[in-house]
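Each chain, letter by letter, is given below.
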Amino acid sequence: MEKNTQDIYDLLILGAGSAGLSAGIYAGRAKLHTLIIEKEQVGGQAATTAEIANYPGVEHTSGPELMEKMLKQSRSFGTEFTRAEVKKVDLAPEVKEVHTSQGIFKGRAVILATGANPKKLGFKGEEEFKGRGIAYCATCDGHFFQDLEVFVIGGGYAAAEESLFLTRFARKVTMIVRKGELACAQSIVDKVMEHPQIEVKFHTEVVEAYGDTLLKGVIFKNNETGETFTYEASQEDGTFGIFVFIGYQPATELFKGQVEMDQSGHIVTNDAMETNVSGVYAAGDLRPKILRQIVTAIADGAIAATQAEKYIAEQKERLGIKEENSHVTPNKMQANYAQIEQETSSLLTPELREQVLGVFSKLERHISLVVLTDPSYDKSLELANFAKEIGGLSEYIEVRCFNVDENKVDQEQMHYDKLPVMALFDEKGSYTGVKFCGIPGGHEFNSFILAIYNLAGPGQAIEEATKARIQAIQTPVTMQVAISLSCHFCPEVVVAAQRIALLNPFIEAEMIDISLFKEFKKKYNIMSVPALIINESKIVFGPQTIESILTMIEQTINA
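This section reports on the structure supplied with the text. It should be emphasised that the depicted structure is a prediction, and the values quoted were computed from it without experimental measurement. (Residues numbered from 1 in each chain as written. Predicted model: local features only at pLDDT ≥ 70, side-chain atom pairs only at ≥ 80, totals over all residues. Heavy atoms only, no water.)

## Considering the overall build of the protein
Okay, step 1: Helix and strand content of the protein: 14 helices and 25 strands.
Okay, step 2: Taking 2.2 N^0.38 as the reference for a compact globule, 559 residues should give roughly 24 Å; the C-alpha atoms of the protein span a radius of gyration of 24 Å, in line with that estimate.
Okay, step 3: Seen through its principal axes, the protein has C-alpha atoms that stretch 70 × 65 × 50 Å.
Okay, step 4: Expressed as a percentage of the 559 residues in the protein, the buried residues total 54%.
Okay, step 5: A separation of at least 24 residues holds for 65% of the contacts in the protein among residues at least 6 apart in sequence.
Okay, step 6: The centroid of the 54 positive side-chain charges in the protein is displaced by 3 Å from the centroid of its 75 negative side-chain charges. (Helix = DSSP H or I, 4+ residues; strand = E, 2+ residues; numbered from the N terminus. Rg over C-alpha atoms; globule rule 2.2 N^0.38 Å. Buried < 20%, exposed > 50% of the residue type's maximum accessible area, 1.4 Å probe, protein only. Contact = heavy atoms within 4.5 Å. Lys, Arg positive; Asp, Glu negative; His and termini not counted. Charge placed at Lys NZ, Arg CZ, Asp CG, Glu CD.)

## Observations concerning helix α1 (residues 18-29)
An α-helical segment advances 3.6 residues per turn. Residues three or four places apart therefore align on the same side.
Okay, step 1: An ideal rise of 1.5 Å per residue puts 16 Å on 12 residues; α1 measures up with 17 Å between its terminal C-alpha atoms.
Okay, step 2: Across the 12 residues that make up α1, a large majority, 10, are buried.
Okay, step 3: Considered for burial, the residues of α1 that qualify are Ser18, Ala19, Gly20, Leu21, Ser22, Ala23, Gly24, Ile25, Ala27 and Gly28.
Okay, step 4: Of the surrounding elements, those touching the buried residues of α1 are β1 (9-14), β2 (34-38), α2 (63-76), β6 (103-112) and α6 (294-319).
Okay, step 5: After α1 finishes, the residue Lys31 shows a positive phi value of roughly 65 degrees. (Expected span 1.5 Å × (residues − 1).)

## Focus on the sheet that holds strand β14 (residues 228-232)
Okay, step 1: In spatial order, the strands read β12-β13-β14; together these 3 strands make up an open sheet with antiparallel pairing. The two strands at the open ends of the sheet, each matched to only one other strand, are β12 (204-211) and β14. Shown here is a sheet whose adjacent strand axes are inclined to one another by a mean of 20 degrees, direction ignored. (Pairing = 2+ DSSP bridges. Axes fitted to C-alpha atoms, helices over the stretch in contact; angles between N-to-C directions.)

## Quick look at the nonpolar core
Okay, step 1: Counting 107 residues, the largest nonpolar core has Ile452, Met479, Ile526 and Ile549 as the members making the most contacts within it.
Okay, step 2: Excluding residues within four positions of it along the chain, Ile452 makes contact with Phe360, Leu363, Ile367, Leu369, Ile390, Ile397, Leu424 and Gly457.
Okay, step 3: If you look at the next biggest cluster of nonpolar residues, it comprises 32 residues, including Ala19, Ala46, Leu66 and Met70. (Core = buried A, V, L, I, M, F, W, Y, C linked by side-chain atoms within 4.5 Å.)

## Details of empty space enclosed by the protein
To find leftover empty space, one rolls a probe the size of a water molecule over the atoms.
Okay, step 1: This model, assessed by the stated rule, comprises 3 cavities of 30 Å³ or more.
Okay, step 2: When its volume is computed, the largest cavity comes out at roughly 290 Å³.
Okay, step 3: Only α12 (490-502) and α14 (546-558) provide two or more residues apiece to the lining of the largest cavity.
Okay, step 4: Per-element tally for the lining of the largest cavity: the top contributor is α12, with 4 residues.
Okay, step 5: The class makeup of the residues in the lining of the largest cavity is 6 nonpolar, 6 polar and 8 charged. (1 Å grid on protein atoms, 1.4 Å probe; cavity = no way out; pocket = protein on both sides within 12 Å on 5 of 7 lines; lining within 4 Å. Points joined across faces, edges and corners; volume = space filled by probe spheres on them. Nonpolar A, V, L, I, M, F, W, Y, C, P; charged D, E, K, R; others polar.)

## Overview of the pattern of salt bridges
Okay, step 1: This structure, assessed with the given rule, holds 20 salt bridges.
Okay, step 2: Lys69 is paired through a salt bridge with Glu65; the nearest N and O atoms lie 3.7 Å apart. With Lys69 and Glu65 both in helix α2 and 4 residues apart, the pair spans about one turn of that helix.
Okay, step 3: Using a relative accessible area of 52% as the deciding quantity, one classes Lys69 as exposed.
Okay, step 4: Of the residues examined, Glu65 reaches a relative accessible area of 39% and is grouped as partly exposed.
Okay, step 5: Close ionic contact of Glu547 with Lys87 constitutes a salt bridge, the shortest N to O distance being 2.8 Å. Placement of the pair is Glu547 in helix α14 and Lys87 in strand β4 (residues 86-90), with a sequence separation of 460 residues.
Okay, step 6: Note on Lys87: relative accessible area 30%, which makes it partly exposed. (Salt bridge = Lys/Arg side-chain N within 4 Å of Asp/Glu carboxyl O.)

## Topic: the packing of aromatic side chains
Okay, step 1: Counted by the stated rule, this structure contains 14 aromatic pairs.
Okay, step 2: Here Phe220 and Phe229 contribute two aromatic rings whose centre-to-centre distance is 5.4 Å and whose plane-to-plane angle is 35 degrees, an arrangement assigned as tilted.
Okay, step 3: For Phe220, a relative accessible area of 0% puts it in the buried group.
Okay, step 4: Ring geometry for Phe436 against Phe448: centres 5.4 Å apart, planes inclined by 90 degrees, an arrangement best described as edge-to-face. Separated by 12 residues along the polypeptide, Phe436 in strand β21 (residues 431-437) and Phe448 in helix α10 (residues 444-456) bring together distant segments of the chain. (Phe/Tyr/Trp six-rings, centres within 6.5 Å; stacked < 30°, edge-to-face > 60°.)

## Quick notes on the side chain of Asn222
Okay, step 1: Structurally, the position occupied by Asn222 is in strand β13 (residues 215-222).
Okay, step 2: Residues in contact with Asn222, not counting those within four places in the same chain, are His203 and Glu227.

## Quick notes on the packing of α1 against α6
Okay, step 1: Their axes nearest at 7 Å, the elements α1 and α6 cross at an angle of 40 degrees. When the axes of α1 and α6 are compared, the pair comes out oblique. As for the relative orientation of α1 and α6, their crossing is right-handed in sense. Facing α1, whose interface residues are Ser18, Ala19, Ser22, Ala23, Tyr26 and Ala27, α6 presents Ile294, Ala297, Ile298, Gly301, Ala302, Ala305 and Thr306.
Okay, step 2: Tallied by class, the residues present in the contact of α1 with α6 amount to 9 nonpolar, 4 polar and no charged. (Parallel < 35°, antiparallel > 145°, perpendicular 65-115°, else oblique. Left-handed = near helix turned anticlockwise from the far one by under 90°.)

## Details of the pairing of β12
Okay, step 1: In this structure, β12 lies alongside β13, joined through 7 bridges in antiparallel fashion. Across the sheet, Ala209 pairs through a bridge with Val218, a residue of β13.
Okay, step 2: Hairpin geometry of β12 and β13 is characterised by an intervening segment of 3 residues between the two adjacent antiparallel strands.

## With respect to the sheet that holds strand β18 (residues 367-373)
Okay, step 1: Spatially, the 8 strands line up as an open sheet ordered β19-β18-β20-β21-β23-β22-β24-β25, and their pairing is mixed. With one partner strand each, in any of the chains shown, β19 (397-403) and β25 (538-541) form the two edges of the open sheet. Pairwise comparison of adjacent strand axes, ignoring direction, gives a mean angle of 20 degrees for this sheet.
Okay, step 2: Of the pairings in the sheet, the one linking strand β22 (residues 477-483) to strand β23 (residues 507-513) comprises 7 bridges and is parallel in character. Pairing of Ile483 across the sheet is with Asp513, part of β23.

Below, the structure written as structure tokens:
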């Protein structure tokens, strides 16, 4: 008889995209003790899609909306979810091990659903101007190009869809297509070709992008005639945009040498989603397949979960493990929830309120949310109301709101220089280095709740070696994370930076809603989010982990 079975999940799902969430729904319904582990945004590629019109039975929706519903549905069946970076896997043993930034998780079966990442073209200037005109997510960065011209590189479904989406912001969209036709459904082709703001250049490739602090020009080549031509931003515009959508590379590097892959790095499976390793399944865009769509990824996830269910049942029967199902607690609220009034507020739906209460039930220490206000500035008053509503959900949270210059002690502690602003103070009344400049709604709501949990609760797990690196820093460090509330990648950077700040009094981590601070955006020439600025000098764009941020901090202070 195996011991400590309560420490072993039935099923671990790596990735919370369409395939992973679908697997979570089916596994939860089968009453498997299931954990979904996701590094970045819930929904994967689908979460960056503004419009979905080809999902059967749903006439019109957005990627984030559909993925959020799938996550909620999987949770309703008892499936657990955690945000963590997978660092290493051991898939060969009977009990699989997944080593993450939040610790080691064990499971009897594993579904690999890590999806794929956007490919880069590799043209001259691509890396140099990433975040300064070159981008890979229209949903995240499209609004930075309001009334400017943009070029979309690619001729597939994603490029066509993103071109249509970018017409909401850009004055003109030009598609740069290497081949002689668009490779997507005719209905989408018709929309693109008939759109008055879109021009399509076939048989065309990018040669070089150039500029100074921002993207200023790009050289193209006709691959039939060899002729080159240049586009340069007008003096009035100052810059323009290039969005690259040329396909995806499977995110399977971690699994090399453990499961069979093809030459492209896709994981090979049979029709039952089984890999060549017993108890290991793969689903979604990391498999070789002829159609990469949400509907096919969802089918993969459903198949993988049902096959995993059979495998797990056989293993438990062989080992003599009895089913307990004690982990299945969908739709149940803790006893203290009943003491909180359940009306829908202006900010929180009943479902979101329930989730927040679940987190706040674990708080252990008293903290304060300090908000500075200006009666003449509506956004500062809106932030104060936001803080009061959140504070009302836990006796451990005190909310203190002051007009600017009314409480100079706290104001100086939190290094006030902009409104709206809210800072977290610890149980001793000291500023923690965690600050929100803007209202942390949208995707940033999660980072705000996690900041409270990491300060007042047990906090997210962190490796001792990483913790020691953080606490070894004895030099003042400021981190500013420029975000957009519509960005799915931004919360990861905010959470990582603020987790570091909470462990070291020398470090400050500030979330900045870029839409509210135009001068800040202009100062650093920010054309993409997330943008992390360290000590008001070094700036990097894109997703970051605690480890990558730590490395940059160490390099900055040692330079």
